[in-house]
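Each chain, letter by letter, is given below.
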Amino acid sequence: MAAAVLLGLSVVSLTVFGVDRIRSGLPAVAPAAATDTSAAVDLGSTAATLLLSGTFAGVLVAAVAAWLLLAPIVSYYRRGGLAMASAFAAILLMLVCMPVHQLLGQAGLLGLAVLALCGALVLGWQSRRVAIARSE
């Protein structure tokens, strides 16, 4: 489940990075400068569309990854419940993107995405290895 949650976090971190790049219009990857957030949000903008679809994609990726990684669980009810729990846990972990962006800027978001992706790959590989060892 942790691998699935980290995979969802990496998708959302990349989404927030993309939204920040669109909103800033700058190609820099330096720490975030003070920006004016008092402007109204246009829900039809590219940044808003990317943020909403990327957040949904992160949750969906976490749920699907958990479903696939939990394949050794025979009960669809338990497997589905754990996949949904992974999706909700990914939503909670997404909140980490805010302080990372405030402290480290776009570089921090990229670092968080890479770190989460590496953690997801390591944990996913470990879980599949254990599942294969138990089936033999």
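Reference entry: report on the structure contained in this document. As the structure is a computational prediction, the values presented were derived from the model and not from experiment.

1. Quick notes on the packing of helix α1 (residues 2-24) against helix α2 (residues 46-69)
- Relative to each other, α1 and α2 sit at 170°, their axes nearing to 7 Å. If you check the angle between α1 and α2, you find them roughly antiparallel.
- Across the contact of α1 with α2, the residue classes tally to 17 nonpolar, 7 polar and 1 charged.

2. Thoughts on the nonpolar core
- In terms of nonpolar packing, the biggest core is built from 15 residues, with L9, A90, M94, C97, L109 and L112 touching the most fellow members.
- Looking at which element gives the most residues to this core, the answer is helix α4 (residues 97-135), with 5 residues.
- Look past the residues within four positions of L112 in its chain and what remains in contact with it is L9, S13, V96, C97 and V100.
- Listed in part, the 5 residues of the second largest apolar core include A4, A65, A66 and L70.

3. Focus on α2
- With 24 residues, α2 ought to run about 34 Å at 1.5 Å a step, and its terminal C-alpha atoms sit 33 Å apart, in line with that.
- Among all positions of α2, only A47, A48, G54, G58, V59, A62, A63, A65 and A66 are buried.
- The secondary structure elements touched by the buried residues of α2 are α1 and α3 (76-93).

4. As for the side chain of D20
- If you trace the backbone, D20 turns up in helix α1.
- No salt bridge is formed by the buried D20. Its closest oppositely charged neighbour is R23, at 6.5 Å.
- Polar contacts involving the side chain of D20 include one to the side chain of Q106, which spans 3.0 Å.
- In this view, D20 contacts H101 and Q106; residues no more than four positions away in its chain are not counted.

5. Some thoughts on the packing of α1 against α3
- Interhelical geometry of α1 versus α3 gives an angle of 45° and a closest axis separation of 9 Å. Considering their axes alone, α1 and α3 lie oblique with respect to each other. Viewed along their axes, α1 and α3 form a crossing whose handedness is right-handed. For the pair α1 and α3, the contacting residues are A4, V5, L6 and L9 in the first and S86, A89, A90 and L93 in the second.

Parameters and conventions
Residue numbers here run from 1 along each chain, matching the order of that chain's written sequence. In keeping with the model being predicted, local features are shown solely for residues with a pLDDT of at least 70 and side-chain atom pairs are shown and tallied solely at 80 or more, while totals for entire chains, interfaces and linings include all residues. Neither water nor hydrogens contribute to the side-chain values; these are computed over all heavy atoms in the structure. For helices, the fitted line uses only the C-alpha atoms of the stretch in contact; every axis is such a line through C-alpha atoms, and the angle between N-to-C directions lies from 0 to 180 degrees. Segments assigned H or I by DSSP are reported as helices when at least four residues long, segments assigned E as strands when at least two residues long, and all are numbered from the N terminus. Put simply, angles under 35 degrees are roughly parallel, angles over 145 are roughly antiparallel, angles from 65 to 115 are roughly perpendicular, and the rest are oblique. Residues are grouped as follows: Ala, Val, Leu, Ile, Met, Phe, Trp, Tyr, Cys and Pro are nonpolar; Asp, Glu, Lys and Arg are charged; every other residue, Gly included, is polar. What we call a nonpolar core is a set of buried Ala, Val, Leu, Ile, Met, Phe, Trp, Tyr and Cys residues that are connected through their side-chain atoms within 4.5 Å. Working definition: with a 1.4 Å probe on protein chains only, accessible area under 20% of the residue-type maximum means buried, over 50% means exposed, and in between means partly exposed. It only takes one pair of heavy atoms within 4.5 Å for two residues to be counted as in contact. Residue count minus one, scaled by 1.5 Å, sets the expected span of a helix. Working convention for charge: Lys and Arg count positive, Asp and Glu count negative, and His plus the chain ends are omitted. We define a salt bridge as a contact between a side-chain nitrogen of Lys or Arg and a carboxyl oxygen of Asp or Glu at a distance within 4 Å. Pairs of N or O atoms within 3.5 Å make up the polar contacts considered here, provided that, within protein, one atom can donate a hydrogen while the other can accept it, and that residues adjacent in sequence are counted only when both atoms are side-chain atoms. For a crossing to be left-handed, the near helix must be turned anticlockwise from the far one by less than a right angle; the clockwise case is right-handed.

These figures come from the coordinates and say nothing about function on their own.
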